[in-house]
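# Remarks on the overall topology
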Amino acid sequence: MLPDATPDADGTTAPPTRERSPAERVTLRADLRAALPDATAAVVLTAAVFVFFWARMESGDSATVAVMPFMDDAGRYWMYLLSQAFGWSGLLWAWGTVMLGLLLSGPRPSRLPVSRHVLERWHRTTSLTTMALMFAHALMFAAELVRYEAKLAWAERLWAGFADTFVPGWYDSGTGRIAIPIGQGALYLAIPLGLLFYVRHRIGANAWRRLHRFVIVVYVLSVWHTLLYGTNVWYGEWPRTVLWLLQLPVAVLLLLRLLRPARRAERLGAPGRREGGSLPGWVLRAAGRVAAAAVVVGLLAVVASGHDGGRDRPAEPPASSPHAPESG
């Protein structure tokens, strides 16, 4: 979620001039109720993605099986497929909530299909759904790891699944040594940053606004985790290209948000002058704009060149799993 703002006299937006009264204040309970249709749609999409992954595995076209041939059994590894499905739904919902947040906090089109109030509610509910999907993704991954280590005692299996999934640095196999801590970072940042909205009247609107800017970091970590560890975009093929393409509108909206900030205090101005703020602050804001522009250029270069970091699909699949799957 990104900051609320109210119209200013010149048509731009500025931070609210007063805190909402308790009767007007948005509550977590109300948003959880409002999120039910959104969460239902997410579950339906997750089920559809799960069926798609299952069908791909049954047909022999699964990229996951190409990466890990020992997983060529949809019935046995259904929890892993469900974890993948939750992960992809979570990434899509994260994309949607970030897009809504950037629309709300930056320069907005003069005509919108719905009111700002509705967009704000959608932004909050998609944020809550995203957190739930991220947690479900991690939980199903942990459940698969518990099932995988069938020869261990139950206490050891539960600890192994929990530690590999939720303890940073514990997972020690292949690309996951980097990708899983990145995903953990996204999860552990997303939950407090999302829920802080509901206590912003206690911590102060300015403090909440500064903290909430780091939501974009959560999204970047989520995409990075997917590019590194998502076996369905492991190879340099069209799914990976589509994932890169989806980042273009986010980067463009972020750049517009930085170039034309709604709040006067965030405008670049001239260094040292009142509207420009202090020199260190001016340098930081200018660097942010340059970095966002570089990201847009970089994304265009990646998509146009086809050099997106994907691996070449091997003629022969890898010989084995990280360690042989256990059987009970």
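Because the structure is predicted, anything quoted here is derived from the model rather than measured.

### Things to note about the overall build of the chain
For the chain, the helix and strand inventory stands at twelve helices and two strands. Element order for the chain, N to C, with α for helix and β for strand: β-β-α-α-α-α-α-α-α-α-α-α-α-α. Out of the 328 residues belonging to the chain, those deemed buried represent 44%. Put simply, of all contacts in the chain between residues at least 6 apart along the chain, 71% involve residues at least 24 apart. Just so you have it, the chain exposes about 17200 Å², and 67% of that area is on carbon and sulfur atoms.

### Some remarks on the packing of helix H4 (residues 78–105) against helix H10 (residues 215–229)
Two numbers describe how H4 lies on H10: the axes approach to 10 Å, and their chain directions differ by 150°. As the angle between them shows, H4 and H10 are arranged roughly antiparallel. For H4 against H10, the interelement crossing comes out left-handed. Contacts from Trp88, Leu91, Ala94, Trp95 and Val98 in H4 reach Ile216, Tyr219, Ser222, Val223 and Thr226 in H10.

### Looking at the packing of H10 against helix H11 (residues 238–259)
Interhelical geometry of H10 versus H11 gives an angle of 165° and a closest axis separation of 12 Å. One finds that H10 runs roughly antiparallel with respect to H11. Considering the relative orientation of H10 and H11, their crossing is left-handed. Contact residues: H10 offers Ile216, Tyr219, Val223, Thr226 and Leu227, while H11 offers Arg240, Leu243, Trp244, Gln247, Val250 and Leu254. Split by residue class, the contact of H10 with H11 holds eight nonpolar, two polar and one charged.

### Quick word on empty space enclosed by the protein
Under the definition given, this model contains six cavities of 30 Å³ or more. In terms of lining residues, the largest cavity is bounded by 29 residues, among which Gly87, His137, Gly183, His225 and Thr226 are the most central. Secondary-structure elements contributing two or more residues to the lining of the largest cavity are H4, helix H5 (116–148), helix H6 (154–166), helix H7 (176–195) and H10. If you tally residues by element for the lining of the largest cavity, the top one is H4, at nine residues. Among the residues forming the lining of the largest cavity, the class breakdown is 15 nonpolar, 14 polar and no charged. Each pocket or cavity is described by its volume, and for the second largest cavity that value is around 170 Å³. Lining the second largest cavity are 15 residues, with Thr97, Thr130, Ala190, Val215 and Val218 positioned closest to its centre. Listed by contribution, the elements that provide at least two residues to the lining of the second largest cavity are H4, H5, H7 and H10. Looking at the lining of the second largest cavity residue by residue, the classes come out as ten nonpolar, five polar and no charged.

### Thoughts on the packing of aromatic side chains
Inspection of the entire model under this criterion finds 13 aromatic pairs. With 5.8 Å between their ring centres and 65° between their planes, Phe50 and Trp54 make a pair best called edge-to-face. You can see Phe50 and its partner Trp54 sitting in helix H2 (residues 36–59), four residues apart, about one turn around the helix. What makes Trp54 partly exposed here is its relative accessible area of 30%. Ring centres of Phe70 and Tyr77 lie 5.9 Å apart, and the angle between their planes is 80°; on these two criteria the pair is classed as edge-to-face. Members of the aromatic cluster, each reached through a chain of ring pairs, are Phe135, Trp159, Phe162, Phe166 and Trp170. Here the basic side chain of Arg157 rests over the ring of Trp154, its NZ or CZ set 4.1 Å away from the ring centre. The ring of Phe197 carries Arg200 above its face, with NZ or CZ at 4.1 Å from the centroid.

### Observations concerning a nonpolar patch on the surface
Together, Leu28, Leu32, Ile191 and Leu195 give the surface a local cluster of nonpolar side chains, amounting to about 290 Å² of exposed area. Looking at the nonpolar patch, the elements that each hand over two or more residues are helix H1 (28–34) and H7. In this fold, Leu28 is placed in helix H1.

### A look at the pattern of salt bridges
Applying the stated criterion to the full structure yields four salt bridges. The partner of Arg147 in a salt bridge is Glu144, with the nearest N and O atoms 2.7 Å apart. In this pair, Arg147 and Glu144 both sit in helix H5, three residues apart, roughly one turn of the helix. Relative accessible area serves as the criterion here: at 3%, Glu144 is assigned to the buried category. Between Arg240 and Asp308 there is a salt bridge, with the nearest N and O atoms lying 3.8 Å from each other.

### Points about the confidence of the model for the chain
Residues of the chain with pLDDT of at least 70 account for 81%, and the chain-wide mean is 83. Note on residues 1–19: pLDDT is under 50 here. Beyond four places in sequence and across chains, it has 55 contacts. Overall, residues 324–328 carries pLDDT values under 50, and its contacts beyond four positions in sequence, including any with other chains, amount to 13 contacts.

Conventions and cut-offs
Sequence positions are assigned chain by chain, starting from 1 and proceeding in written order. Local features in this predicted model are restricted to residues of pLDDT 70 or higher, and side-chain atom pairs are both shown and tallied only at a pLDDT of 80 or more, whereas totals for entire chains, interfaces and linings draw on every residue. Hydrogens and waters are ignored; side-chain quantities use all the structure's heavy atoms. By the criteria applied, helices consist of DSSP H or I runs no shorter than four residues and strands consist of E runs no shorter than two, each listed in order from the N terminus. The rule is simple: take the accessible area with a 1.4 Å probe, protein chains only, and divide by the maximum for that residue type; under 20% is buried, over 50% is exposed, in between is partly exposed. Residues are treated as being in contact if the distance between any of their heavy atoms lies within 4.5 Å. Only the protein chains shown count as covering a residue, and every accessible area follows the Shrake-Rupley method with a 1.4 Å probe. Between N-to-C directions, angles cover 0 to 180 degrees, with each direction set by a line fitted to C-alpha atoms, over the stretch in contact for helices. Here the word oblique covers every angle except those under 35 degrees (roughly parallel), over 145 (roughly antiparallel) and from 65 to 115 (roughly perpendicular). With the far helix as reference, a near helix turned anticlockwise by less than a right angle produces a left-handed crossing, and one turned clockwise produces a right-handed crossing. Charged residues are taken to be Asp, Glu, Lys and Arg, nonpolar residues to be Ala, Val, Leu, Ile, Met, Phe, Trp, Tyr, Cys and Pro, and polar residues to be all remaining types, Gly included. Lining residues are defined by having an atom within 4 Å of a point belonging to a cavity or pocket. Those points lie on a 1 Å grid over the protein atoms alone, cavities being sets where a 1.4 Å probe fits but cannot get out and pockets being open sets with protein on both sides within 12 Å along at least five of seven lines. Grid points are joined across faces, edges and corners, and a volume is the space filled by probe spheres set on the points. Stacked, edge-to-face and tilted are the three classes for Phe, Tyr and Trp ring pairs, Trp counted by its six-membered ring, which pair at centre distances within 6.5 Å; planes under 30 degrees apart are stacked, over 60 edge-to-face, the rest tilted. Note on criteria: charge over ring means Lys NZ or Arg CZ within 6 Å of the ring centre, with the direction from the centre no more than 35 degrees off the ring normal. Only residues whose relative accessible area exceeds 30% and that form no salt bridge are eligible for patches; like-charged ones are grouped when within 9 Å, while nonpolar side chains (Val, Leu, Ile, Met, Phe, Trp, Tyr) are grouped when within 5 Å. We define a salt bridge as a side-chain nitrogen of Lys or Arg found within 4 Å of a carboxyl oxygen belonging to Asp or Glu. Residue-level confidence of the predictor is summarised by pLDDT, bounded by 0 at the bottom and 100 at the top.

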